[in-house]
Amino acid sequence: KETVQRRHAVVSGLAISGLVATAHLVRAGYRVDAFELRAVYDRNIQWAGRQALVDELATIDQRLADEFLERVARHLPRGSLHLSEEGRHEWPVDRPLRGDPARVPQVAENMMAAPSRMNMEARVFVELMRRHVFALPGVTVHQPRTITLSGKDAQGRYGVEAYDDESLRGIR
């Protein structure tokens, strides 16, 4: 019987970008070791978001996108204001729609041309994504005190050493 080895990825940092990257990697069949130095995400940041965010979450899991709309996204009832070199542009906006992977823009320029439809607290979004990602099979989350990257090996891969608080022994 031949053993198939899963591809392996390492993600450093589990704020929004790292969590979304981890979810996509698992969906693509990777085993993921994710490293995060903070035990909790407590930054009080508010973001505006476009429909493409909900659609992108639906590519990961439709239930995740639905829960995002229910618990995280807040409609912008007064519309969206964008400032650019061309000046100021105001849009009235509809409520965010249910996520649809077919609507994900193929290029960033198309996504950026769309108005913001919602705002969100980053901390609440991170909590939602953490619950989702930490429950995925194939994800191991490490919360060490120190992370060290070594130089590239002959195949262009980097080594990672993580040290916990007590023993300072490497986890490879």
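See the structure shown above.
Residues numbered from 1 in each chain as written. Predicted model: local features only at pLDDT ≥ 70, side-chain atom pairs only at ≥ 80, totals over all residues. Heavy atoms only, no water.

A. Geometry of the overall build of the protein chain. Tallying secondary structure elements over the protein chain gives five helices and 11 strands in all. The buried share of the protein chain, taken over its 172 residues, is 35%. A separation threshold of at least 6 residues defines the contact pool for the protein chain, and within that pool the share at least 24 residues apart is 63%. Element-wise, carbon and sulfur atoms account for 49% of the exposed surface of the protein chain, whose accessible area totals about 11,400 Å². (Helix = DSSP H or I, 4+ residues; strand = E, 2+ residues; numbered from the N terminus. Buried < 20%, exposed > 50% of the residue type's maximum accessible area, 1.4 Å probe, protein only. Contact = heavy atoms within 4.5 Å. Areas by Shrake-Rupley, 256 points an atom, 1.4 Å probe, with all protein chains shown as cover.)

B. A look at the packing of helix α2 (residues 51-60) against helix α3 (residues 62-71). At a minimum axis separation of 5 Å, α2 and α3 run at an interaxial angle of 145°. Listed contacts from α3 to L53, V54, L57, A58 and I60 of α2 are Q62, L64, A65, F68 and L69. For the contact of α2 with α3, the per-class residue count stands at nine nonpolar, one polar and no charged. (Axes fitted to C-alpha atoms, helices over the stretch in contact; angles between N-to-C directions. Nonpolar A, V, L, I, M, F, W, Y, C, P; charged D, E, K, R; others polar.)

C. Summary view of the pattern of salt bridges. With the rule as written, the count across this model stands at 10 salt bridges. The salt bridge partner of R131 is E67, with a shortest N-O separation of 3.0 Å. Linking R131 in helix α5 (residues 122-134) with E67 in helix α3, this pair joins segments that are 64 residues apart in sequence. With relative accessibility at 48%, the residue R131 sits in the partly exposed group. Residue E67 is classed as partly exposed on the basis of its relative accessible area, which comes to 25%. Across the pair E127 and R123 runs a salt bridge, and its minimum N-O distance is 3.4 Å. (Salt bridge = Lys/Arg side-chain N within 4 Å of Asp/Glu carboxyl O.)

D. The arrangement of the sheet that holds strand β2 (residues 31-35) in detail. Spatial ordering of the open sheet is given by β1-β2-β8, a layout of three strands whose pairing is parallel. Edge strands, defined here as strands with exactly one partner in the open sheet, are β1 (8-12) and β8 (139-142). Between one strand axis and the next, the sheet turns by 15° as a mean value, whatever way the strands run. (Pairing = 2+ DSSP bridges.)

E. Quick look at the nonpolar core. In terms of nonpolar packing, the biggest core is built from 29 residues, with L57, F68, F125, M129 and V133 touching the most fellow members. Among the elements of the structure, α1 (16-27), β2, α2, α3, β7 (116-121) and α5 are those that each provide at least two residues to this core. Residue contributions to this core peak at six residues, all from α5. If we ignore the near neighbours within four places in the chain, the residues touching M129 are L19, V20, L57 and L64. (Core = buried A, V, L, I, M, F, W, Y, C linked by side-chain atoms within 4.5 Å.)

F. Up close: α5. The first and last C-alpha atoms of α5 sit 18 Å apart over 13 residues, in line with the 18 Å expected at 1.5 Å per residue. Among the residues of α5, those classed as buried are A122, F125, V126, L128, M129, R130, H132 and V133. Taken together, the buried residues of α5 touch α1, β3 (46-50), α2, α3, β7 and β8. (Expected span 1.5 Å × (residues − 1).)

G. Summary view of α1. Spanning 12 residues, α1 covers 17 Å between terminal C-alpha atoms, matching the ideal 16 Å at 1.5 Å per step. Within α1, burial applies to I16, G18, L19, V20, T22, A23 and V26. In this fold, the buried residues of α1 make contact with β1, β2, β3, α2, α5 and β8. One or two residues past the end of α1 sits G29, with phi positive at roughly 100°.

H. Structural view of the side chain of R130. Relative to the helices and strands, R130 is located in helix α5. E36 is the oppositely charged side chain nearest to the buried, salt-bridge-free R130, at an N-O distance of 4.6 Å. The contact partners of R130, leaving out residues within four places of it in the chain, are L14, L19, E36, R38, A39, V40 and Q143. (Lys, Arg positive; Asp, Glu negative; His and termini not counted.)

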